[in-house]
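# Results of the structural survey
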Amino acid sequence: VKFFDNIIPVVSKFSNQNAKEYIMELYKEFQDKYELNIDEKLLRLISIHIQDRRLLLNIFMEFKTYIDNLKNNQHINYTELFAVMCYKNIPFKV
């Protein structure tokens, strides 16, 4: 970033090595608010594939939108719904 002729390096603290910590932090917030359970194996699995915090926040915000729209449905499997949100948002390489 250039700011008044000084170059300030911007280094992200987020990487796929520490993504699990951020995922668990967001999950705890959602778990307290919505009283849901997501399989932690899935959370560990997607932490490998998430490269930046924007992607992680996008997944959780879209998940929140679906939860809010489907809150009256008693037969929702939140692990499967979260897996679909991850599949939709994470660009998997072939």
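Residues numbered from 1 in each chain as written. Predicted model: local features only at pLDDT ≥ 70, side-chain atom pairs only at ≥ 80, totals over all residues. Heavy atoms only, no water.

## Remarks on the side chain of asparagine 89
Here asparagine 89 lies in helix α4 (residues 78–89). Within the structure, the side chain of asparagine 89 is placed 3.1 Å from the side chain of glutamate 62, a separation counted as a polar contact. Not counting the four nearest positions on each side in its chain, asparagine 89 is found in contact with Leu55, Asn58, Ile59 and Glu62. (Helix = DSSP H or I, 4+ residues; strand = E, 2+ residues; numbered from the N terminus. Polar contact = N/O pair within 3.5 Å; in protein donor to acceptor, adjacent residues only side chain to side chain. Contact = heavy atoms within 4.5 Å.)

## Quick word on the pattern of salt bridges
Across all of its chains, the model carries three salt bridges by this definition. Of the charged contacts in the structure, one is a salt bridge between arginine 54 and aspartate 52, with a shortest N-O distance of 3.3 Å. By relative accessible area, which is 67% here, arginine 54 ends up exposed. (Salt bridge = Lys/Arg side-chain N within 4 Å of Asp/Glu carboxyl O. Buried < 20%, exposed > 50% of the residue type's maximum accessible area, 1.4 Å probe, protein only.)

## Considering the packing of aromatic side chains
Scanning all chains against the criterion turns up five aromatic pairs. Following the ring pairs from residue to residue traces out a cluster consisting of Phe30, Tyr34, Phe60, Phe63 and Phe82. (Phe/Tyr/Trp six-rings, centres within 6.5 Å; stacked < 30°, edge-to-face > 60°.)

## Focus on the confidence of the model for the protein chain
Predicted confidence across the protein chain gives a mean pLDDT of 84, with 91% of residues reaching 70 or more. Mean pLDDT across the elements of the protein chain bottoms out in strand β1 (residues 2–3) (56) and peaks in α4 (92). (pLDDT = per-residue confidence, 0-100.)

## Quick look at unusual backbone geometry
At glutamate 35, a position not held by glycine, the phi torsion is positive, near 55°. Topologically, glutamate 35 is positioned in the loop between α1 (19–34) and α2 (40–47). For glutamate 35, a relative accessible area of 71% translates into the label exposed.

## Some words on helix α3 (residues 53–69)
With 17 residues, α3 extends 24 Å between its outermost C-alpha atoms, agreeing within 8% with the 24 Å of an ideal straight helix rising 1.5 Å per residue. Within α3, the full set of buried residues consists of Leu55, Leu56, Ile59, Phe60, Glu62, Phe63 and Ile67. Looking straight down α3, one finds that the buried residues subtend no more than 160° of arc, so they occupy a single side. The outward face of α3, more than 90 degrees from its buried face, is lined by the exposed residues Arg54 and Asn69. Among the structural elements, α1 and α4 are those in contact with the buried residues of α3. (Expected span 1.5 Å × (residues − 1). Arc of directions from axis to C-beta.)

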